Amino acid sequence: MTHDHLDTPVRAASRPFGRVLTAMVTPFTTDGALDLDGAARLADHLVTEQGNDALVVNGTTGESPTTTDAEKERLIRTVVETVGERARVVAGVGTNDTRHTVELAAAAEKAGAHGLLVVTPYYNKPPQAGLLRHFTEVADSSGLPVMLYDIPHRAGVPIETETLVRLAEHGRIVAVKDAKGDLTATSWVTSRTELAYYSGDDASTLPALSVGCVGVVGTSTHFSGVDTKRMIEAYDAGDMATALALHRRLLPLFTGIFRTQGTILVKAGLNASKLPAGPVRSPLVDATEDQLAQLRADCAAAGLPLPE
């Protein structure tokens, strides 16, 4: 008795946005204004020095709840002008208002973005039929490829498997940022669709690759982009020992960056590294000295010490 189907390798999903994307923080000046020069320098650093294939701007890590629509558009234009020929620029446009999301998607496309990140509508907890209509209307309204962002612990509602399977039928819905924390659900979707799955949790990247994910939309990748890409490339090459060793070494930073809200610690680390970041906007608060000291310890444990 033969099992020929077991000898046929599973076709890897495409990588429409590469392997490593960073959800980039939005630099502000000391008085809290948008720092476009800093954004350009940070974007260049993330692509040139940290090896990012794409950048997500105007995501939650980019403090999208506290930036205006005009600031969002200016930020996209700046990042596209700076790195758009070397990396993809994905614009976060998700809100809990379909009309507003469609407006942001149109502005992002006009500003030169290469793709859209659309989060599950949050707080108002729509039913699955509402999610299906929301995401479909956004994808219908734009010519850009769409990455869905499934993060039930923030949005209050998951994108269920059957909803994702139906959404995968849309020609422009091509990817998912998966922060659901349910690899069984992820497995079902990756087995039934051609959606490109990106881990939305840094520490889950290696396990997620084993069930069909293709990369990560990271936060710690502001500092660990090169080694995170090495980990994914090692996995792709079948070098599991190297991939696991890198996962274990980076684990203190993968998890430590979320000891408090990720934006707070990323900005603290970037400021300590003399890279553009600046303060956070209220209601976030800047990192304390103790939090920065712990971040230093986590970075050192991951083999990526911050400058003193």
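Scroll up a little and you will see the structure.
Calculation rules
- Residues numbered from 1 in each chain as written.
- Predicted model: local features only at pLDDT ≥ 70, side-chain atom pairs only at ≥ 80, totals over all residues.
- Heavy atoms only, no water.
- Pairing = 2+ DSSP bridges.
- Helix = DSSP H or I, 4+ residues; strand = E, 2+ residues; numbered from the N terminus.
- Axes fitted to C-alpha atoms, helices over the stretch in contact; angles between N-to-C directions.
- Salt bridge = Lys/Arg side-chain N within 4 Å of Asp/Glu carboxyl O.
- Phe/Tyr/Trp six-rings, centres within 6.5 Å; stacked < 30°, edge-to-face > 60°.
- Lys NZ or Arg CZ within 6 Å of the ring centre and 35° of its normal.

**Student:** I would appreciate a short explanation of the sheet that holds strand S3 (residues 88–92) in the present structure.
**Tutor:** In spatial order, the strands read S1-S2-S3-S4-S5-S6-S7-S8; together these eight strands close into a barrel with parallel pairing. Strand-to-strand, the axes of this sheet are offset by a mean angle of 25 degrees, without reference to chain direction. As defined by bridge partners, strand S7 (residues 196–199) adjoins strand S8 (residues 215–218) across two bridges and the pair is classed as parallel. Bridge assignment links tyrosine 198 to a residue of S8, and that residue is glycine 215.

**Student:** It is not clear to me how the pattern of salt bridges should be interpreted in this structure. Could you clarify?
**Tutor:** The full count for this structure, using the stated rule, is 15 salt bridges. A salt bridge links arginine 77 to glutamate 73; the shortest N-O distance between them is 3.2 Å. On the criterion of helical spacing, the pair formed by arginine 77 and glutamate 73 is a turn pair, its members being four residues apart in helix H2 (residues 69–83). Here aspartate 227 and arginine 230 are joined by a salt bridge, their closest N and O atoms 3.1 Å apart. With aspartate 227 and arginine 230 both in helix H9 (residues 221–236) and three residues apart, the pair spans about one turn of that helix.

**Student:** What's the story with the packing of aromatic side chains in this structure? I'm lost.
**Tutor:** Note on aromatic pairs: each is described by the distance of the centres and the angle between the planes. For the structure shown, the criterion picks out one aromatic pair. For the ring pair phenylalanine 17 and tyrosine 198, a centre distance of 6.5 Å and an interplane angle of 50 degrees mean the geometry is tilted. Pair noted here: phenylalanine 17 is in the segment before strand S1 (20–23) and tyrosine 198 is in strand S7, with a separation of 181 residues, a long-range link. A cation over a ring is seen here: arginine 281 above phenylalanine 28, with NZ or CZ 4.1 Å from the ring centre.

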